Amino acid sequence: MRIGELAGAVGVTTRTVRHYHHLGLLPEPERLGNGYRDYTLRHAVVLARIRRLTELGLGLAEVRDVLAEDAGKDLVEVLTELDEDLARQEAAIHQRRERLRALLASEDLPAEGPVSPELAALFGEVGHVSYSPMAAKDREILAMLDTTASPEAREQLIGLLGATFTTPGGAERARVAYALLDALVDADTDDPRVDEAARALVDCLPAELLPTAAVDPDGSHDSFLRAFYADFAPAQAEAIRRTLRILAEQRPERSEGGAP
């Protein structure tokens, strides 16, 4: 992605991106032969998290401390200190303090946090799904979408995912899909397990979950989708491409049949 595409995807300005580079908060990407920066999905994940933290009122020095922590423990400490400071301005910033209290009251603050209360609740509901590297990536991407999506789109996304996991057998289907994808990390794209993983993903996902991606499943005209694929091992990316193609093919059938 170019810098303008990255900034547009996360909802910040290109000047902000350059400022975060200057401060060392956002890693510099590799440059293409023509000298342009080539941003990846990882840059979007980090940039979205910086935006969420600054919107809570954290200074950039505090954001740096939070980003240095993997387990999220330092985030709780920073938010607690911020809550004590905001108490002196409660009338003007009541809504922000309510959100902070909700985060601090969480029994298990997500490592990707802060996230919206709705996404935090979803993470809590599906916490029983066994850990996997692919599951961790999904959580990061969901946190990024939680930042950039409109309230309506976020509500629809979380609703669809929540329904998927609470449907009988949904959690087990997710475990199977994650295990198959994890196993493809060193596989070739023509490995027969790629199709198996794609079918397992289709069983987990409603066609309505990815309407835009389903129009362009290969990402040939979507720089963000190309960056998305580049974040995975080749066989894993191929399994996701095949999943989107299947969803695109099945969507008219599901619509006609009245299925969600």
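Note: the structure precedes this text.
First, a word on what this report is: a plain description of the structure on this page.

### Digging into the pattern of salt bridges
So, step 1. Applying the stated criterion to the full structure yields twelve salt bridges.
So, step 2. Residues glutamate 55 and arginine 51 are paired through a salt bridge, measuring 2.8 Å at the closest nitrogen-oxygen approach. Of this pair, glutamate 55 and arginine 51 both sit in helix H3 (residues 41-55), four residues apart, which is roughly one turn of that helix.
So, step 3. You can call glutamate 55 partly exposed: its relative accessible area is 42%.
So, step 4. For aspartate 231, the salt bridge identified is with lysine 137, shortest N-O distance 3.7 Å. Here aspartate 231 is found in the loop between helix H13 (223-230) and helix H14 (234-257), whereas its partner lysine 137 is found in helix H8 (residues 133-148), with 94 residues between them in sequence.
So, step 5. Aspartate 231 gets classed as buried once you look at its relative accessible area, which sits at 14%.
So, step 6. A network of salt bridges, in which partner residues are shared, links Asp195, Glu238, Arg241, Arg242 and Arg245.

### Notes on the packing of aromatic side chains
So, step 1. Counted under the stated rule, the structure contains two aromatic pairs.
So, step 2. Taking the centre distance of 5.0 Å and the plane angle of 70 degrees together, the rings of phenylalanine 228 and phenylalanine 232 count as edge-to-face. Taken as a pair, phenylalanine 228 and phenylalanine 232 share a single burial class, namely buried.
So, step 3. Joined through ring pairs, the aromatic side chains of Phe228, Tyr229 and Phe232 make up one cluster.
So, step 4. Looking at arginine 2, its charged tip hangs above the ring of tyrosine 36, at a distance of 4.1 Å from the centre.
So, step 5. The aromatic ring of tyrosine 229 is capped on one face by arginine 241, whose charged end is 4.3 Å from the ring centroid.

Reading the values: the criteria
- Residues numbered from 1 in each chain as written.
- Predicted model: local features only at pLDDT ≥ 70, side-chain atom pairs only at ≥ 80, totals over all residues.
- Heavy atoms only, no water.
- Salt bridge = Lys/Arg side-chain N within 4 Å of Asp/Glu carboxyl O.
- Helix = DSSP H or I, 4+ residues; strand = E, 2+ residues; numbered from the N terminus.
- Buried < 20%, exposed > 50% of the residue type's maximum accessible area, 1.4 Å probe, protein only.
- Phe/Tyr/Trp six-rings, centres within 6.5 Å; stacked < 30°, edge-to-face > 60°.
- Lys NZ or Arg CZ within 6 Å of the ring centre and 35° of its normal.

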